[in-house]
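Residues per chain are reported as follows:
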Amino acid sequence: MCKFIWLIAAPLLVGHASAAVIQKEPQAVGSPDLIKITGVIEPNDDLQFNQIAATSGQAVVVLNSEGGAVLPALEIGRAIRLKGFATAVASDTLCASACALTWLAGTPRLAGQSANIGFHASYVVNNGTASETGVGNALIGAYLNQLGLSQDTIVFVTSAPPEGMAWLSGEKAGELGLQFATYQTSATSSDETQNAPEPYDPMRVAAAFYNALSNADGVSAAALVVPEKRGVGPFNEASIHSFFGGLSVPLRLESIARNGTDKTVALYTYARSDGSVCKGKSEVLTTYKYGKTLISKIRALNGC
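Residues numbered from 1 in each chain as written. Predicted model: local features only at pLDDT ≥ 70, side-chain atom pairs only at ≥ 80, totals over all residues. Heavy atoms only, no water.

S.K.: Help me out: how do you make sense of the state of the cysteines in this one?
M.R.: Should the sulfur atoms of two cysteines be covalently bonded, the bond is a disulfide. Counted by the stated rule, this structure contains two disulfides. Note on cysteine connectivity: Cys95 is disulfide-linked to Cys99, with sulfurs 2.1 Å apart. The chirality of the disulfide connecting Cys95 with Cys99 is left-handed, given an S-S dihedral of about -105°. Look at Cys95 and you get buried, because its relative accessible area is 0%. A relative accessible area of 0% places Cys99 in the buried class. (Disulfide = S-S within 2.5 Å. Buried < 20%, exposed > 50% of the residue type's maximum accessible area, 1.4 Å probe, protein only.)

S.K.: How do you make sense of the sheet that holds strand β11 (residues 166-167) when you look at a structure like this?
M.R.: Think of a sheet as strands paired side by side through backbone hydrogen bonds, with each pair either parallel or antiparallel. Strand order in this open sheet of three strands is β6-β8-β11, and the pairing throughout is mixed. The open sheet is flanked by β6 (94-96) and β11, the only strands paired with a single partner. Relative to β11, strand β8 (residues 116-119) runs antiparallel, the two sharing two bridges. Residue pairing across strands places Phe119 opposite Ala166, the latter belonging to β11. (Pairing = 2+ DSSP bridges. Helix = DSSP H or I, 4+ residues; strand = E, 2+ residues; numbered from the N terminus.)

S.K.: Just checking my understanding: could you explain the pairing of strand β16 (residues 292-300) for this structure?
M.R.: In the case of a regular strand, side chains alternate between the two sheet surfaces. Across eight bridges, strand β15 (residues 277-289) lies against β16 in antiparallel orientation. Looking at β16, one finds that Thr286 is bridged to Ile295. Hairpin connection of β15 to β16: two residues between the antiparallel strands, including Tyr290 at a positive phi of 55°.

Below, the structure is given as structure tokens:
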């Protein structure tokens, strides 16, 4: 029989779902600094990045992110291009959606042989208001023009499917004329250790997902889902923002428990716009891909 470990949810509902960690690692004299961005990109992460970037004259920005908010990702990219920093995605790590837009700003761009770089149609939340895909694509297109990318690349990025992920292969990059070099880390460098896969942690990711729902943050919620299911059904960013943003009482995670290797059970409450109360119970199935714990399926156990 599986044992349940219960957590009180209140501490989990503070702040954003899973803000990125941005750290600088000075290297040997004459070598560029390493600035690492790990995790879901959140509003104001660009401000933190700018503060760190101001202390470096030369740097490689190493990205390991599920994606996240588009606007701060674009601002980080603009700062990278202005500073002339390189961007890199290590082998066996993920840089998807908003993260991939940041990666495009590097001079040069670097990628490991088994790096996972993917583009996904995005919508933009500005001052709490979700903009339709056309507006988001216009902002992204203007950014890509600023980077001097080809029209073919702009079409590829802005035409990414609303569901799933358009992965950038070496062959596709060649077709687009999108240049990048191979990123290799020394076996003795700290970078090799820092880019080791994250531990498998279904509890943390499930809690972060419901934290995002409590904030009606569709971008952060979808970033915690396997890339091939983003934008579909309950994992559609705009739908999450619309539904959970319209509640009369926001979702509150009451408890979460591990139930076997890949499953957690979440208990939560919220009140709909008509005042009716939902006391929900869902089973969250997780998987380990791209060196990250990601949600593959959620099943409501009581229809709520």
